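Chain by chain, the residues:
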Amino acid sequence: MTTETTSPPSPRTRPPAAHSREGRAAGSSHPVLEAIRGGLIASAQAYPGEPMRDPRTMDQVAQACVRGGAVAIRAQGLADLELINQHVEVPVIGLWKDGHEGVFITPTLRHAVAVAATGCQIVALDGTRRERPDGLSLARTIEGLREAFPHVLVMADCGSLEDARCAQDAGADLLGTTLAGYTGERPATRGPDLELVDQVAAACQRPLIVEGRVHTPAQAAAAMEHGAWAVVVGTAITHPTTITSWFVQAVAGV
Ligand SMILES: CC(=O)N[C@H](C=O)[C@@H](O)[C@H](O)[C@H](O)COP(=O)(O)O
């Protein structure tokens, strides 16, 4: 029998920030990796021109997600990250989207350093094999970020198995399926790209974050069964415009 409770789950303790003096441990023993293992990460992002595109709003959304049990928050933009890092006790995966085509997720070393400076424990960046706007390789970008912030972890947002392999070789700490279906190498599957999840889980040795089109709890559970270290859900938790449209279409279809 299940009992309902009105008290929210208690947030997990926030591990050391990227720029803290606490050391960067190897592999899965890293406290940040352990903190997110087996958990749900909520991505709180609003897009340019949208009503919720306000750092205070995204900060509130992030805090609400932590109350619901999110083990980490993924968020974008320096202003949002500054606020969220002040107010949540879980790790923050930070990124800076610049543009919306090609390489736009934390596209350069400059962007990555700025994201880390907001206090994020994990910096997410484009982890594809495409040329980066500053001409640096992914390996050099990760190296440069670590020169500035030795303890930051790097999540490589990948679009294919070959991206994931190369990102691992380049030094990424976590591999994400974030860009599967967005780079032309993989089809945009209806739910998460579980075939890619299987491939990366079998071929790579870094924690695999399943992200992208996880729209239902069942899909999140499937991602875990296929080998995810953690699952990121964005739209289905934090984007009311899209969620509303799903219901509108369902009602209209009756
Ligand atoms: C491709 C791209 O730009 N993805 C972005 C990455 O940060 C976000 O727009 C997504 O919302 C996020 O990946 C979560 O995915 P979903 O919203 O599908 O749960």
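Residues numbered from 1 in each chain as written. Predicted model: local features only at pLDDT ≥ 70, side-chain atom pairs only at ≥ 80, totals over all residues. Heavy atoms only, no water.

## Side note on the pattern of salt bridges
Thinking step 1. Per the stated rule, a full pass over the model turns up 13 salt bridges.
Thinking step 2. Of the charged contacts in the structure, one is a salt bridge between R186 and D193, with a shortest N-O distance of 2.8 Å. D193 shares its class with R186; the two are buried.
Thinking step 3. Note that E195 is salt-bridged to R186, the shortest N-O span being 2.9 Å.
Thinking step 4. Residue class for R186 comes out buried when judged on its relative accessible area of 15%.
Thinking step 5. Salt bridges linked by common partners bring R74, D157 and E211 together as one network. (Salt bridge = Lys/Arg side-chain N within 4 Å of Asp/Glu carboxyl O. Buried < 20%, exposed > 50% of the residue type's maximum accessible area, 1.4 Å probe, protein only.)

## Considerations on the sheet that holds strand β5 (residues 153-157)
Thinking step 1. If you walk around this closed barrel you meet the eight strands as β1-β2-β3-β4-β5-β6-β7-β8, and the pairing is parallel. Averaged over all pairs of adjacent strands, the angle between their axes in this sheet comes to 25°, without regard to strand direction.
Thinking step 2. The pairing of strand β1 (residues 40-44) with strand β8 (residues 230-233) spans three bridges and is parallel. For L40, the partnering residue across the bridge sits in β8 and is V231. (Pairing = 2+ DSSP bridges. Helix = DSSP H or I, 4+ residues; strand = E, 2+ residues; numbered from the N terminus. Axes fitted to C-alpha atoms, helices over the stretch in contact; angles between N-to-C directions.)

## Some remarks on the nonpolar core
Thinking step 1. Among the nonpolar cores identified, the biggest contains 51 residues, and I73, L145, L175 and V200 are the most heavily contacted of them.
Thinking step 2. Tallying contributions element by element places helix α2 (residues 55-67) first for this core, with five residues.
Thinking step 3. Ranked by size, the runner-up nonpolar core spans 20 residues in total, among them A72, I93, A124 and L174. (Core = buried A, V, L, I, M, F, W, Y, C linked by side-chain atoms within 4.5 Å.)

## A closer look at the site of the ligand
Thinking step 1. Neighbouring the ligand are 15 residues; Y47, K97, E211, R213 and T235 lie closest to it.
Thinking step 2. A distance of 2.9 Å is found between an oxygen atom of the ligand and a side-chain nitrogen or oxygen belonging to Q45.
Thinking step 3. K97 is positioned with one of its side-chain polar atoms (N or O) 2.8 Å from an oxygen atom of the ligand.
Thinking step 4. Contact with the protein chains hides 91% of the accessible area of the ligand, taken as 450 Å² for the molecule alone.
Thinking step 5. For the shell around the ligand, the residue count by class is six nonpolar, five polar and four charged. (Near = heavy atom within 4 Å. Polar contact = N/O pair within 3.5 Å; in protein donor to acceptor, adjacent residues only side chain to side chain. Areas by Shrake-Rupley, 256 points an atom, 1.4 Å probe, with all protein chains shown as cover. Nonpolar A, V, L, I, M, F, W, Y, C, P; charged D, E, K, R; others polar.)

## A short note on the environment of G184
Thinking step 1. With respect to the element layout, G184 can be found in the loop between β6 (174-176) and α7 (194-203).
Thinking step 2. Take G184: its relative accessible area is 73%, and that puts it in the exposed class.
Thinking step 3. On a C-alpha basis, the gap between G184 and F104 in space is 15 Å, while along the polypeptide they are 80 residues apart.

## Digging into the state of the cysteines
Thinking step 1. A full pass over the atoms with the stated rule returns zero disulfides.
Thinking step 2. Just so you know, C65 is unpaired, no disulfide at all, and the nearest cysteine sulfur is the one on C120, 16 Å from it.
Thinking step 3. The thiol of C166 is not disulfide-bonded; the next cysteine sulfur, from C158, is found 8.9 Å away. (Disulfide = S-S within 2.5 Å.)

## A few points about the packing of α2 against helix α3 (residues 78-87)
Thinking step 1. For the pair α2 and α3, interaxial distance at closest approach is 9 Å and the crossing angle is 40°. As for the relative orientation of α2 and α3, their crossing is right-handed in sense. Touching P55, R56, M58, D59, A62 and Q63 of α2 are A79, D80, L83, I84 and H87, all from α3.
Thinking step 2. Here the residues of the contact of α2 with α3 are counted per class, giving six nonpolar, two polar and three charged. (Left-handed = near helix turned anticlockwise from the far one by under 90°. Contact = heavy atoms within 4.5 Å.)

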